[in-house]
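Notes for the structure review
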Amino acid sequence: MSDEHTPDKARAIVVGHGEFSAGLASAVQQITGMADRFICLSNTGMAPGDIEAVLRSHLTGGTTVIFTDLPAGSATLAARRVARDMPDLVLVSGVNLATLLDFVCSPATSPAEAARGAAERGRASLVVLERH
Amino acid sequence: MGIFLYRIDDRLIHGQVVVGWGQPHDIRFLVLVDDLVASSDWEKDLYRMAVPPEMEIRFADVQTAIRDHATYAADPRPGILITGEISVMHRLVSGVKAIGSVNLGGIHHRAGRKEKLRYIFLTPDEERELLALESAGVEVTAQDVPGARAVPLAEVLGVDNR
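Remember, it's a predicted structure, so these values are computed and weren't measured experimentally. (Residues numbered from 1 in each chain as written. Chains lettered and ligands numbered in written order. Predicted model: local features only at pLDDT ≥ 70, side-chain atom pairs only at ≥ 80, totals over all residues. Heavy atoms only, no water.)

**Considerations on the pairing of strand 5 (residues 101–106) of chain B**
All names here are of chain B. Most of strand 5 is tucked away: 5 of the 6 residues are buried. The pairing of strand 1 (residues 2–9) with strand 5 spans 3 bridges and is classified as parallel. In the sheet register, arginine 7 faces strand 5, and the bridge partner there is asparagine 103. (Buried < 20%, exposed > 50% of the residue type's maximum accessible area, 1.4 Å probe, protein only. Helix = DSSP H or I, 4+ residues; strand = E, 2+ residues; numbered from the N terminus. Pairing = 2+ DSSP bridges.)

**Describing the interface of chain B and chain A**
Listed as interface residues are 16 residues of chain B and, on the opposing side, 17 residues of chain A. With both sides pooled, the region where chain B packs onto chain A buries about 1400 Å², and carbon together with sulfur makes up 57% of that total. On the chain B side of the contact with chain A, B:Arg11, B:Trp42 and B:Leu46 bury the most area, a combined 44% of that side's loss. Connecting chain B to chain A are 1 salt bridge. Across the salt bridge formed by A:Arg81 and B:Glu43, the nearest N and O atoms sit 2.6 Å from each other. Elements that contribute at least two residues to the side of chain B that touches chain A include exactly helix 1 (15–21) and helix 3 (41–48) of chain B. A total of 5 residues in the side of chain B that touches chain A trace back to one element, the largest contributor, which is helix 3 of chain B. Here the side of chain B that touches chain A is built from residues that sort into 8 nonpolar, 4 polar and 4 charged. (Contact = heavy atoms within 4.5 Å. Buried area = accessible area lost by both parts, 1.4 Å probe. Salt bridge = Lys/Arg side-chain N within 4 Å of Asp/Glu carboxyl O. Nonpolar A, V, L, I, M, F, W, Y, C, P; charged D, E, K, R; others polar.)

**Notes on the confidence of the model for chain B**
On average, chain B scores 95 in pLDDT, and the residues at 70 or more come to 98%. Here the prediction assigns the complex a pTM of 0.88, and the interface score ipTM is 0.83. (pLDDT = per-residue confidence, 0-100.)

**Re the pattern of salt bridges**
Residues and elements named next belong to chain B. Going through the model one piece at a time under the given rule, you end up with 22 salt bridges over all chains. Across the pair aspartate 45 and arginine 48 runs a salt bridge whose closest N-O atoms are separated by 2.9 Å. In this pair, aspartate 45 and arginine 48 both sit in helix 3, 3 residues apart, roughly one turn of the helix. Arginine 48 sits in the partly exposed class, given a relative accessible area of 42%. A single network of salt bridges, built from pairs that share partners, joins Glu56, Arg58, Asp75 and Arg77.

**Thoughts on the packing of aromatic side chains**
Residue and element names in this part refer to chain A. Scanning all chains against the criterion turns up 4 aromatic pairs over all chains. Summarising the aromatic geometry, the rings of phenylalanine 67 and phenylalanine 103 are spaced 5.2 Å apart at their centres and angled 80° between planes, so their arrangement reads as edge-to-face. Taken as a pair, phenylalanine 67 in strand 3 (residues 65–68) and phenylalanine 103 in helix 4 (residues 97–105) lie far apart in primary sequence, 36 residues in all. Here the two residues phenylalanine 67 and phenylalanine 103 agree in accessibility, since each one is buried. Counting every residue linked through ring pairs, the aromatic cluster contains Phe38, Phe67 and Phe103. (Phe/Tyr/Trp six-rings, centres within 6.5 Å; stacked < 30°, edge-to-face > 60°.)

**A closer look at the sheet that holds strand 4 (residues 78–83) of chain B**
Residue and element names in this part refer to chain B. Strand order in the open sheet made by the 7 strands is 3-2-4-1-5-8-9, with mixed pairing throughout. Both outer strands of the open sheet, strand 3 (56–60) and strand 9 (151–152), are each paired with one neighbouring strand and no more. Relative to strand 9, strand 8 (residues 139–142) runs antiparallel, the two being bridged by 2 bridges. Bridge assignment links alanine 142 to a residue of strand 9, and that residue is valine 151.

The structure is reproduced here in structure tokens:
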């Protein structure tokens with residue numbers, strides 16, 4: 001992702017398997033034009049220690065939110081290791097498009113607050129529609 | 001059913017294990033054999049939170065795993081036993097003669113290792129250790145996910161043993 005971003009808005013890391021994060025970011029870009037709020041990473045081919053190191057290297061400049069795909073995924077486990085010594089870090093696993101859209105559009109003043117609201121929106125977006 | 005798969009995977013518990021193998025084979029318990037993890041409450045909590053509620057996770061150091069292997073094997077549910085290092089699996093196999101096959105699920109790049117497959121990187125010492133496993137009668141294959149082909153060790157190492 002580009003390093004250019006809106007300076008007064010929180011940024012976040014999105015990390016997951018394969019091209020998961022890049023795919024979600026492209027959808028965010030198409031809908032809002034604000035995909036530059038995300039640093040997109042993949043865990044493909046990486047050992048656990050390498051994933052952790054890459055996450056740490058991107059947690060600079062006020063980035064304090066990490067979105068991951070699977071709760072059981074290696075990216076989530078690596079992020080939890082990072083969070084152990086970064087108390088301000090907010091980790092949201094199971095991210096979906098609705099979550100990221102809410103995050104970039106959030107009026108919240110803190111990244112943590114924006115992430116919490118986004119997680120709620122993402123959870124609520126999972127709906128089973130059946131014809132009875 | 002007992003242990004369905006003996007896997008070497010440096011990510012230990014992760015998506016391929018819990019979902020990739022776990023769901024199609026209805027895996028109900030995992031045994032994570034790692035001396036460091038077994039001795040750390042924080043590490044154990046980390047992995048406990050990564051598995052779904054229907055899947056039990058047990059932790060053991062190598063000696064405990066050797067001692068308790070018969071219990072794992074007698075469990076009526078299907079399970080997966082995981083080590084993060086080849087040397088750990090080798091120690092386990094040395095103490096448990098009932099282990100007939102070992103799966104290489106993910107051994108990633110680090111200094112001194114060379115790429116053998118997209119998800120398998122080995123040092124010369126690790127290659128020798130895997131060959132020693134096969135010499136002891138254990139079938140060693142590489143297969144990251146159930147839908148992939150199980151690659152025999154000779155092919156992984158580029159050894160023509162025809």
